[in-house]
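What follows is the residue order along each chain.
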Amino acid sequence: MKRIVILISGRGSNMEAIVRACAAESWPAQIAGVISNRPGAAGLAFAASHGIATAVVDHKAFASREDFDAELASVIDSFAPDLLVLAGFMRILGNAFTARYEGRMLNIHPSLLPAFPGLHTHEKALEMGCKFAGATVHFVTAQLDHGPIVAQAAVPVLPGDDADALAARVLAQEHRMYPRAVRWFVEGRLAVDQGRVQQLDGEVQAFSL
């Protein structure tokens, strides 16, 4: 059984999707813990209600990013994870932290990377007149919102869309794609070669409406 630790900062809707899929599909894995950098994160209550251990490492309690990263890593390691999943975790992690979990840390970003790393992705897609937007699951590296791409989901940008409408359409696809990508990892169905991720069963790594 693979042990999964999930990091959240808020509602944790992708965390919820992963927890539900793990149980419904009987993955060879368990959600060992959910950790937030915000004490009031709504996702903590969901995790606790499903019998999952929770913890808080409040970034505001630390004088430096390095101190926060060190304490966060200590709490993560107490759960002995095989995989670390970032699910709406809104903190930039330092190089030492990302190196510590290299090859076993996934993130989901609400754009079709490498387009629009960072924040305000949906606003940027609309400003640029993109005809498609989407989300990307990738392995985390030291470079923000980069790293080998595991899967991507695309949705059309519709006439009259604002950022909220587009975000909702993308989020629905995230909830399909992220659990699938996590399951591929825990079942040993992913391989990374020269920065490219292959799904070893030949499953399509692109999702769309």
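Structure's up top.
Residues numbered from 1 in each chain as written. Predicted model: local features only at pLDDT ≥ 70, side-chain atom pairs only at ≥ 80, totals over all residues. Heavy atoms only, no water.

Draft legend 1. Up close: the overall build of the protein. Scanning the protein from terminus to terminus reveals six helices and ten strands. Taken over the C-alpha trace, the protein has a radius of gyration of 17 Å; the compact-globule value for 209 residues is 17 Å, and the two agree within 12%. If one aligns the C-alpha atoms of the protein with their principal axes, the spans along those axes are about 45 × 40 × 35 Å. When burial is assessed residue by residue, the protein has 47% of its 209 residues classed as buried. (Helix = DSSP H or I, 4+ residues; strand = E, 2+ residues; numbered from the N terminus. Rg over C-alpha atoms; globule rule 2.2 N^0.38 Å. Buried < 20%, exposed > 50% of the residue type's maximum accessible area, 1.4 Å probe, protein only.)

Draft legend 2. View of the nonpolar core. Core analysis: the largest hydrophobic core is formed by 44 residues, its most contacted members being I4, I6, V150 and V182. It is helix α6 (residues 163–186) that contributes the most residues to this core, nine residues altogether. Every residue in contact with V182, bar those within four places of it in the chain, is listed here: I4, I18, W27, L83, V85 and L106. Ranked by size, the runner-up nonpolar core spans 20 residues in total, among them I35, V75, L86 and F89. (Core = buried A, V, L, I, M, F, W, Y, C linked by side-chain atoms within 4.5 Å. Contact = heavy atoms within 4.5 Å.)

Draft legend 3. Here's a closer look at a positive patch on the surface. Together, R38, K60, R65 and R91 make up a region of like positive charge exposed at the surface. The exposure class of R38 is partly exposed, given its relative accessible area of 40%. (Patch = residues over 30% accessible without salt bridge, like charges linked within 9 Å, V, L, I, M, F, W, Y side chains within 5 Å. Areas by Shrake-Rupley, 256 points an atom, 1.4 Å probe, with all protein chains shown as cover. Salt bridge = Lys/Arg side-chain N within 4 Å of Asp/Glu carboxyl O. Lys, Arg positive; Asp, Glu negative; His and termini not counted. Charge placed at Lys NZ, Arg CZ, Asp CG, Glu CD.)

Draft legend 4. Representation of the pairing of strand β1 (residues 2–8). The buried fraction of β1 is high, at five of seven residues. Pairing of β1 with strand β2 (residues 29–36) involves seven bridges; the strand directions are parallel. By the bridge assignment, I6 is partnered in β2 with V34. Note that β1 and strand β4 (residues 83–86) share four bridges and pair parallel. Bridging across to β4, L7 finds its partner in L86. (Pairing = 2+ DSSP bridges.)

Draft legend 5. Layout of the packing of helix α1 (residues 13–24) against α6. Two elements in contact, α1 and α6, have axes separated by 9 Å at closest approach and are oriented at 45 degrees. Classified by the interaxial angle, the pair formed by α1 and α6 is oblique. For the pair α1 and α6, the crossing hand works out as right-handed. Facing S13, N14, A17, I18 and A21 of α1, the residues of α6 in contact are L171, E174, H175, Y178, P179 and V182. Its residues assigned to classes, the contact of α1 with α6 shows seven nonpolar, three polar and one charged. (Axes fitted to C-alpha atoms, helices over the stretch in contact; angles between N-to-C directions. Parallel < 35°, antiparallel > 145°, perpendicular 65-115°, else oblique. Left-handed = near helix turned anticlockwise from the far one by under 90°. Nonpolar A, V, L, I, M, F, W, Y, C, P; charged D, E, K, R; others polar.)

Draft legend 6. Local environment of the sheet that holds β2. Within the open sheet, the eight strands sit side by side as β3-β2-β1-β4-β5-β6-β7-β10. Their pairing is mixed. Two strands bound the open sheet, and with one partner strand each, they are β3 (54–56) and β10 (206–208). Between one strand axis and the next, the sheet turns by 20 degrees as a mean value, whatever way the strands run. Across four bridges, strand β5 (residues 105–109) lies against strand β6 (residues 132–139) in antiparallel orientation. Bridging across to β6, L106 finds its partner in F139. Lying on the sheet, α1 is in contact with β1, β2, β4 and β5; it crosses β2 at an angle near 160 degrees. Of the strands in this sheet, β1, β2 and β3 touch helix α2 (residues 42–49), which is tilted by about 155 degrees from β3.

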